[in-house]
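Coordinate inspection notes
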Amino acid sequence: MNSLNIPKFSDLIRPDRVHRALYTDPMLFELEMDRLFGRAWLVLGHESQVRAPGDFFTTRLARQPVLVTRDDGGAVRVLVNRCPHRGAVVCTEERGHTPHFQCGYHGWTFSCDGALKHVPMANAYPEDPRGLGLRLAPVPRVATYRGFIFASLAANGPGLLDFLGYMRTSFDDMVDRAPDGEIEVAGGVFKHAYDGNWKLMLENHNDTYHPAHVHASSIYAAKEQADDTPTTGAGEIAVRQMRQNGVPPDVWDGLGLWTAAYGHSLMGDYHDDKRLVAALKDPTFAAYRAALEKRHGPRRTDEILGVARFNTVVYPNCTFMSQFRQLRILHPITVDRTAVYTYSFRLKGAPPQMFRDTVAFANVVNGTGSPVLTDDLELYARVQQGLLTQANDWVYLGRGLGGDVPDREQTHRGNLGTSEIHIRNQFAAWAHYMSQAS
Amino acid sequence: MAESPNLRDIEEFLYHEARLLDEHRYDEWLDLYTDTATYWVPLERSQKDPYETSSLIFDDRKLMEARVRQFRHPRRHAQTPASRTCHMLGHIEPLDSGDDGAVRVRSNFILVEFRADRQFIYGGACEHRLVHSGAGYKIAAKRIDLVNSEGVLDGISILL
């Protein structure tokens, strides 16, 4: 380890600050891919993306190309997308349906569970390659929760439910809002990238201290916008959401902000715009509410709609908005470059207008051309640049320090909604993963 | 049957729009659009509509006005410093004109953006729906299909 010149992790993380190397050192980044992304449960997607046997999509796990399939027996499989013969990536399509996968190099063919089915001109091998255990390798662990697909590159570690802890209730929130009890990925996938370390997005998503500053220009632009300007409905949702980011400081401070083991966190919701929040009983939501009531009755419907959460962060690769049907999966590329894929979900059994609202909301919150998101991305890049300075080695994370209190189901709660408890908690998890050698 | 449009007039109109964007004359740019116009950069290839599928940008008049106002704010961080851009248009081709005199025009474009020491290149096809307004045209709809709309993109903080 010393030959790699890695500093002791206890030298890099203090109660109220962390060393800039955690964002800038390429060697630490490589170690993160091994010790952190190589161990944690990572979110890959949702079962609706592989509904029927033969459905598949491709993605990455800790930078490695993987293939998620539904096999003939109906099981979800996560396979390393690499031919066991000479190493070529086997499937190059993003998603689709197929009876089998064929490598483009020498035609080796695999079934949807990864088994090697056919080797052209196999008689030249001293032994049939199918008997050598050659296959599309399964990743060590796969599990689902409420339809969300997770995988871990480590054979051992906490089970998925233990890993998620209280955060599972945010997945429940997302699914429970569907009148038919089911959700599906729909409406396209945004893929954006920023010039910054992967941690910057995870730190920002429960950072309620930043909107008034980072989003000052979109808040201003929306607040000044005349209400009677013609709209298709999409711009209306966007303007309302941009205005909402301008709530006063006491609203942000008053929000709940909870952290859990393994680096996770979730925040309460700050919305009071009736057109954006079903619980506030705008007439637009009448048909949706009626559909929920038909299944659950009015009391349970109130309970479901009354869960008020904005972002949930599942460390280290996912954040989602259970109430607004948005999920992002981050893909670290290099120490200073990160790609983010964002997905929308359709609530099955909800009126069509609900999904149109979801699409408009996705555009303004997660869209690559969003007047809001683009300012976040710019700030990530500025942090990354700033952290190259050698004059100050430390990032200060002292906001709310000392005010973190134990709360329900093994969580801790910040004393203020604008506390940096969630970032301190992420680094506690970081140190936990990183200090264990393989 | 409406009179067939004059190609030269249409070319000049599209060049004018591009120039207003490159010169950051956003209020004048907005004036080129009708009150019910849409400005659309689809996310997916051959995307059918902007309501059931997300878009890189899908603005109606309300959001276009807000977006233009945002450019003027001193803390529009993603435009501080402001981008310098250069639009190149080509293959300008009127497709058809309706009974109302509206003209659909297809064009190809390359757009170079420079900001904060980085250069970005966008390319693709545009479709304008132009309607007559006084002596000239107004834009009733603009659709911009980027060749890499489904790829991994950096944030887009300019108008294309």
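Residues numbered from 1 in each chain as written. Chains lettered and ligands numbered in written order. Predicted model: local features only at pLDDT ≥ 70, side-chain atom pairs only at ≥ 80, totals over all residues.

1. Focus: the domain arrangement of chain A
Residue and element names in this part refer to chain A. Annotation of chain A at the domain level lists domain 1 (42–145) and domain 2 (183–434). Look at where the C-alpha atoms of domain 1 and domain 2 centre, and you get two points 34 Å apart. Taken together, the seven residues of domain 1 in the interface contact eight residues of domain 2. Here the element with the most residues in the side of domain 1 that touches domain 2 is strand β3 (residues 42–46); it accounts for three residues. Among the residues making up the side of domain 1 that touches domain 2, the classes are represented as two nonpolar, three polar and two charged. (Domains from an automatic or database assignment. Contact = placed C-beta atoms within 7 Å. Helix = DSSP H or I, 4+ residues; strand = E, 2+ residues; numbered from the N terminus. Nonpolar A, V, L, I, M, F, W, Y, C, P; charged D, E, K, R; others polar.)

2. Describing the sheet that holds strand β9 (residues 109–111) of chain A
Think of a sheet as strands paired side by side through backbone hydrogen bonds, with each pair either parallel or antiparallel. Residues and elements named next belong to chain A. Read across the sheet, three strands follow the order β8-β9-β10 without closing on themselves; strand pairing throughout is antiparallel. Edge strands, defined here as strands with exactly one partner in the open sheet, are β8 (100–102) and β10 (116–118). Within this sheet the neighbouring strands show an average axis-to-axis angle of 35°, counted without direction. Relative to β10, β9 is paired through two bridges, and the arrangement is antiparallel. (Pairing = 2+ DSSP bridges. Axes fitted to C-alpha atoms, helices over the stretch in contact; angles between N-to-C directions.)

3. Comments concerning the nonpolar core
Residue and element names in this part refer to chain A. Counting residues in each nonpolar core, the largest one holds 142 residues, and the members touching the most others are Leu 42 and Val 68. For this core, the element with the highest residue contribution is helix α12 (residues 352–366), accounting for seven residues. Each of two domains, domain 1 (42–145) and domain 2 (183–434), supplies a minimum of three residues to this core. Excluding residues within four positions of it along the chain, Leu 42 makes contact with Phe 37, Leu 61, Phe 150, Ala 151, Ser 152 and Asn 317. (Core = buried A, V, L, I, M, F, W, Y, C linked by C-beta atoms within 7 Å. Buried ≥ 20, exposed ≤ 12 C-beta atoms within 10 Å, placed from the backbone.)

4. Digging into the interface of chain B and chain A
Listed by partner, the interface residues are 37 residues for chain B and 41 residues for chain A. At the level of elements, β1 (33–42), β2 (55–59), α3 (61–71) and β7 (153–154) of chain B are the ones that each hand at least two residues to the side of chain B that touches chain A. If one sorts the elements of the side of chain B that touches chain A by residue count, α3 of chain B sits on top with eight residues. When its residues are assigned to classes, the side of chain B that touches chain A shows 13 nonpolar, 11 polar and 13 charged. Relative to β7 of chain B, strand β13 (residues 183–194) of chain A is paired through two bridges, and the arrangement is parallel. By the bridge assignment for β7 of chain B, His 192 of chain A is matched with Leu 153 of chain B.

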